[in-house]
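Reading the structure
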Amino acid sequence: MTVNVVLPIPVDRAYTYRLPDPMADAAQVGCRVLVPLRNRRLTGVIVEEGPPEDTLDFAVKDVIDVLDDVPACTPELLDLTKWIADYYVCSWGETLKAALPAGTTVESQHELRRTDADPGDWADHDVGRLVLQNLAEHPETTLSAVRKRLGPAVPLALVRRMAADGAIEMETTLSDEQVSAKTETHLRFAPAFQHREAAADLIEQLRGAKQKAVIRALAGFREEGTPEPRQADVVERADASYSTIRSLVDKGMIEKVDKEVLRSPLDDLPAPEPPPDHDLMADQQRALDAVTDAVEDHRYGTFLLHGITGSGKTEVYIRTLKAVLERDRTGIILVPEIALTPQTVQRFRSHFGDQIAVLHSQMNMGERYDAWRQLRTGQAHIAIGPRSAVLAPLEDLGIIVVDEEHETSYKQFDPAPRYHARDVAVMRAHMNDAVCILGSATPSLESTMNARWGKYERLALPERVPDASGEAATLPEVRVLDLTLQRKKHQLDGALADPLRDAIQARVKRSEQTILLQNRRGFAPVLECEDCGWAPECRDCSVSLTLHRNGGRGRLRCHYCGRTNQVPRQCPQCGGSDISQIGVGTQRVEDELESVVPDATILRMDRDTTSQKHGHHHILQQFRNGADVLLGTQMIAKGLDFSRVTLVGVVDADVGLLFPDFRAEERTFQLLTQVAGRAGRADLQGEVILQTRNPDHPAIRYATSHDYEGFAEEALAERRQFGYPPFGHVATVEFRGPKEERVERLAVNWTTTLRTHAGPVEVMGPEPAFIQRVKKQYRYRTLLKIRGGSATPLQDALRRAREAEGTPPNGYHVAIDVDALGVL
């Protein structure tokens, strides 16, 4: 018997292997298998039965091992990942790898060690010298670890030559699965001693006081209804040692039992409060009826739930999900940012309890693996998380909710597959005759047009949910501060203009809360020498270093590769000592706030303060408990609901507005509208203050008046004129590698081939990327664009070019991004 196996490599084909007889019964479509590929061992997935061996014109290799008892991938997930690979022009194996939990692959790894021998010419070789230096610092390591430290331009062939010359030692081994089920040791009485009187008999027979204490403790747990308590609990209660336990086991009086323990991030969260019981508004009920009609009919439908901030979209999600579960089907809830997950999870936990499994990147590998297995085995029926949760291994899927569907974080950038979770959600719902709800106060222009074209059904929630007193809540008043005028009036000294300072002080006095948005982290984005104009740049990336202050003079940090440098006391170029701090980051605003409201409790929420596990949750919990000001980057703009927030301030509404991207205005409008919606969500009137140097810009003007329809009409007219989405499709091809001239040559060759296959597709470039160098890698980009509703000609051109150009040289990469969001 042969099987076709897809491997996690960027090769668009399946490989045929023979299944030895002992494995034939265990192997099924969807199971993971360990197979040989040239001189490597890789974990792949069986996707179908292979052809008869006697019809093949090559020698068939054997499968080494079958790694699953139950297929890791369901037939539905195989179909979905195949569609993703075809649409986004990547390999099926790369997509399957994204659908499986990290740490479950077995593959070859190359272990490297430095030898005592003379390295000879390798000591002067450009790459060889770096490898030798790295092995001196890390005596036992792997080739993949060396590549992470030095960059990908360390080819295996070069390492093999170094090993052949005796400069290093290399051994190829198989890595183990990095994650598995966690077990915990429990204790129970042996079968001969399980009747209740036996414990007293054992205590009389035993001489040791500690052994008697263990028997008493075990009997006590049994009386309390726990016949098999944890070994650690018995040891603690008996004040005994583990050697005492071993002695009783050896005597046959008690037994050890290993039980699986589920690792869950929910264990660290407090129990959710009981859900409030309230009636739906008329618009909510109409939306719910439309969606549940499709659920009851087992009918596919995508619904664009366009509701202003605070209009009760989540309540519609919850009630629809209840209708789905009542029909023994399952659901996925997608959220755009990890920052939203704790609040969202608690809201859904209060309704659905242990039926929920969470999937997100801040969970450790074991927690993600356990959540994935709960969903795969049917122990949990609801998956909640960011974009990767759209690939959750649920069967009988009935609903997928994409909350804040406009968010760019739903698009995967690196590595492949570069999918958009919103679009994958729509397709997965279609494949399962399920419903998909796309919720947003500021829908993407693509979704708005899909609703107008009849692909989606638009459901409107135009009013806020009434407050606790039953009165209709209103959208907050928005006030625009023109920073140019504020400076002329001498009302701007620092980042916060006087009217915003006064408003913050007034809220603190009234024990009300403030949210401040500054979408730049760090202290100052740029340092600059006043004498010669020198500014510190990252040596590995073509970007300026950002000043971060955590006491003292602080450090300069690259936001792309993470490299840090000391802050210079004088200019290294001219020797001058007058170095200015230009621009404002969250740390600088925090310093200013401490002088504006010195007695207030100020919380800062950005990537620097939330890097630890549950960092988002702890900060939001402090704010919920009464802190005065929450300052942060865009992660505070979405989905947060605090009843005492009456002021939202935007320190610089222009951040991102002038970025050279056709979506910049849409993103700015969405961000400002979303953050404005955090104010006045209960019985207290809200106010929003936007600081800007461009008060007449359409994105600012429409956000000020909460006018989505006006903004959409103006933006769509411009998109239609130039053929940009939603009136066409765009894709980018990024070329990167360590030597600029080779990257440019690779880009030119690829782009020339693309043009020969382009047909109706417009091909532009190649050009250096907007940020030309990141992590020592030079980057060039080519842009493809086609007008109309079909992306097929664009995808066909990319496939033909990929086939014609083949695999790029070692250390160089070609990344295809269909429906790209960032086109520069």
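Note that the structure is predicted; figures quoted are calculated from it, not measured. (Residues numbered from 1 in each chain as written. Predicted model: local features only at pLDDT ≥ 70, side-chain atom pairs only at ≥ 80, totals over all residues. Heavy atoms only, no water.)

Each helix and strand counted, the protein chain has 25 helices and 32 strands in total. At 30 Å, the protein chain has a C-alpha radius of gyration in line with the 28 Å of a compact globule built from 824 residues. Overall size of the protein chain, expressed as C-alpha extent along the three principal axes, is 90 × 70 × 65 Å. Taken as two groups, the 100 positive and 120 negative side-chain charges of the protein chain have centres that lie 3 Å from each other. (Helix = DSSP H or I, 4+ residues; strand = E, 2+ residues; numbered from the N terminus. Rg over C-alpha atoms; globule rule 2.2 N^0.38 Å. Lys, Arg positive; Asp, Glu negative; His and termini not counted. Charge placed at Lys NZ, Arg CZ, Asp CG, Glu CD.)

As a further point, take the nonpolar core. Counting 88 residues, the largest nonpolar core has L334, F348, L784 and L798 as the members making the most contacts within it. The leading source of residues in this core is helix α12 (residues 313-326), at seven residues. Residues within four places of F348 in sequence aside, it is in contact with T314, Y317, I318, L321, I333, G353, I356 and I384. If you look at the next biggest cluster of nonpolar residues, it comprises 40 residues, including L630, L671, A699 and A703. (Core = buried A, V, L, I, M, F, W, Y, C linked by side-chain atoms within 4.5 Å. Buried < 20%, exposed > 50% of the residue type's maximum accessible area, 1.4 Å probe, protein only. Contact = heavy atoms within 4.5 Å.)

The next subject is a positive patch on the surface. Among the surface-exposed residues, R13, R38, R40, R41 and K61 lie close enough to one another that they form a single positively charged patch. Positionally, R38 belongs in the loop between β3 (32-37) and β4 (40-49). Accessibility expressed as a relative area gives 64% for R38, which makes it exposed. (Patch = residues over 30% accessible without salt bridge, like charges linked within 9 Å, V, L, I, M, F, W, Y side chains within 5 Å. Areas by Shrake-Rupley, 256 points an atom, 1.4 Å probe, with all protein chains shown as cover. Salt bridge = Lys/Arg side-chain N within 4 Å of Asp/Glu carboxyl O.)

Next up on the list: a negative patch on the surface. On the surface, E528, E530, D531 and D578 cluster together into a patch of negative charge. Examined against the element boundaries, E528 turns out to sit in strand β20 (residues 526-529). Assessed through its relative accessible area of 32%, E528 is described here as partly exposed.

With that settled, consider the packing of helix α11 (residues 282-296) against α12. The geometry of α11 relative to α12 is characterised by a closest axis approach of 10 Å and an angle of 30° between their N-to-C directions. Classified by the angle their axes make, α11 and α12 are roughly parallel. Helix-helix and strand crossings are classified by hand; for α11 and α12 the assignment is right-handed. Of the residues in α12, those in contact with Q284, L288, V291, T292 and V295 of α11 are E315, V316, R319, T320, A323 and V324. Classifying every residue of the contact of α11 with α12 gives six nonpolar, three polar and two charged. (Axes fitted to C-alpha atoms, helices over the stretch in contact; angles between N-to-C directions. Parallel < 35°, antiparallel > 145°, perpendicular 65-115°, else oblique. Left-handed = near helix turned anticlockwise from the far one by under 90°. Nonpolar A, V, L, I, M, F, W, Y, C, P; charged D, E, K, R; others polar.)

What follows covers the packing of aromatic side chains. According to the stated counting rule, one finds 11 aromatic pairs in the structure shown. Centre to centre, the rings of F623 and F642 are 5.1 Å apart; their planes meet at 85°, and the pair counts as edge-to-face. Here the residue F623 occupies a position in helix α20 (residues 615-624), and F642 occupies one in the loop between β26 (629-632) and β27 (645-650), the gap between them amounting to 19 residues. Taken individually, F623 and F642 each receive the classification buried, so the pair is uniform in this respect. For the pair F662 and Y724, a centre-to-centre distance of 4.3 Å together with 20° between the ring planes defines the contact as stacked. A residue pair is termed long-range when its members are at least 10 positions apart, and F662 in the loop between β27 and α21 (664-676) and Y724 in the loop between α23 (708-722) and β29 (728-737) qualify at 62 residues. (Phe/Tyr/Trp six-rings, centres within 6.5 Å; stacked < 30°, edge-to-face > 60°.)

Describing two packed helices takes the angle between their axes plus the distance from one axis to the other. It is at 11 Å that the axes of helix α16 (residues 445-452) and α23 come closest, and there the two elements cross at 90°. For the element pair α16 / α23, the angle class is roughly perpendicular. Contact with α16, carried on its side by L445, E446, T448, M449 and R452, involves Y708, E709, A712, E713, A715, L716 and R719 of α23 and no other residues of that element. The class makeup of the residues in the contact of α16 with α23 is six nonpolar, one polar and five charged.

A separate point is α12. Look at α12: 20 Å from first C-alpha to last across 14 residues, which is about the 20 Å you get at 1.5 Å a residue. The buried count for α12 comes to 10 of 14 residues, which makes it a mostly enclosed element. Among the residues making up α12, those that are buried are K313, E315, V316, Y317, I318, T320, L321, A323, V324 and L325. (Expected span 1.5 Å × (residues − 1).)

Let us look at the side chain of Q211. Looking at the element boundaries, Q211 is found in helix α8 (residues 209-223). Relative accessible area serves as the criterion here: at 14%, Q211 is assigned to the buried category. A distance of 2.9 Å separates the side chain of Q211 from the side chain of S247, its partner in a polar contact. For Q211, the contacting residues outside a window of four places in its chain are L206, T244, S247, L248 and K251. (Polar contact = N/O pair within 3.5 Å; in protein donor to acceptor, adjacent residues only side chain to side chain.)

What you see with strand β25 (residues 602-605) is no split at all: I602 and R604 on one side and L603 and M605 on the other are buried throughout. In the sheet, β25 pairs with β26 via four bridges, with the strands oriented parallel. Residue pairing in the sheet places R604 in a bridge with L631 of β26. (Pairing = 2+ DSSP bridges.)

Following the criterion strictly, the structure yields 53 salt bridges and no others. R18 is the partner of D62 in a salt bridge, and the nearest nitrogen-oxygen pair spans 2.4 Å. Of the two residues, D62 is situated in the loop between β4 and β5 (65-66) and R18 in strand β2 (residues 15-18); the sequence distance between them amounts to 44 residues. The exposure class of D62 is partly exposed, given its relative accessible area of 34%.

Attention now goes to unusual backbone geometry. Note the cis peptide between D414 and P415, where omega equals -5°. Mapped onto the secondary structure, P415 falls in the loop between β15 (397-403) and α15 (421-431). Here the amide bond leading from P725 into P726 is cis, since omega sits at 10°, within 30 degrees of zero. In this fold, P726 is placed in the loop between α23 and β29. The backbone phi angle of V89 is positive, close to 55°, even though this residue is not glycine. On the secondary structure map, V89 appears in the loop between α2 (75-87) and α3 (92-99).

With that out of the way, let us pick up the sheet that holds β2. Taking strand neighbours across the sheet as the criterion, the five strands line up as β2-β1-β4-β3-β5 in an open arrangement whose pairing is antiparallel. Across the chains shown, the open sheet's two edge strands, defined by having one partner strand only, are β2 and β5.

Take the pairing of strand β31 (residues 777-787) next. Most of β31 is tucked away: nine of the 11 residues are buried. Here seven bridges tie strand β30 (residues 762-774) to β31, and the two strands are oriented antiparallel to one another. When the bridges of β31 are listed, E762 appears paired with K785. Linkage of β30 to β31, two consecutive antiparallel strands, is achieved through a turn of two residues, within which K775 is found at a positive phi near 55°.

Turning to its location among the elements, K251 is positioned in the loop between α10 (242-250) and β10 (254-261). Look at K251 and you get partly exposed, because its relative accessible area is 46%. Along the chain, K251 and A190 lie 61 residues apart, while their C-alpha atoms are 10.0 Å from each other. When neighbours within four sequence positions are excluded, K251 is seen to be in contact with L206 and Q211. At 3.3 Å, the side chain of K251 forms a polar contact with the side chain of Q211.

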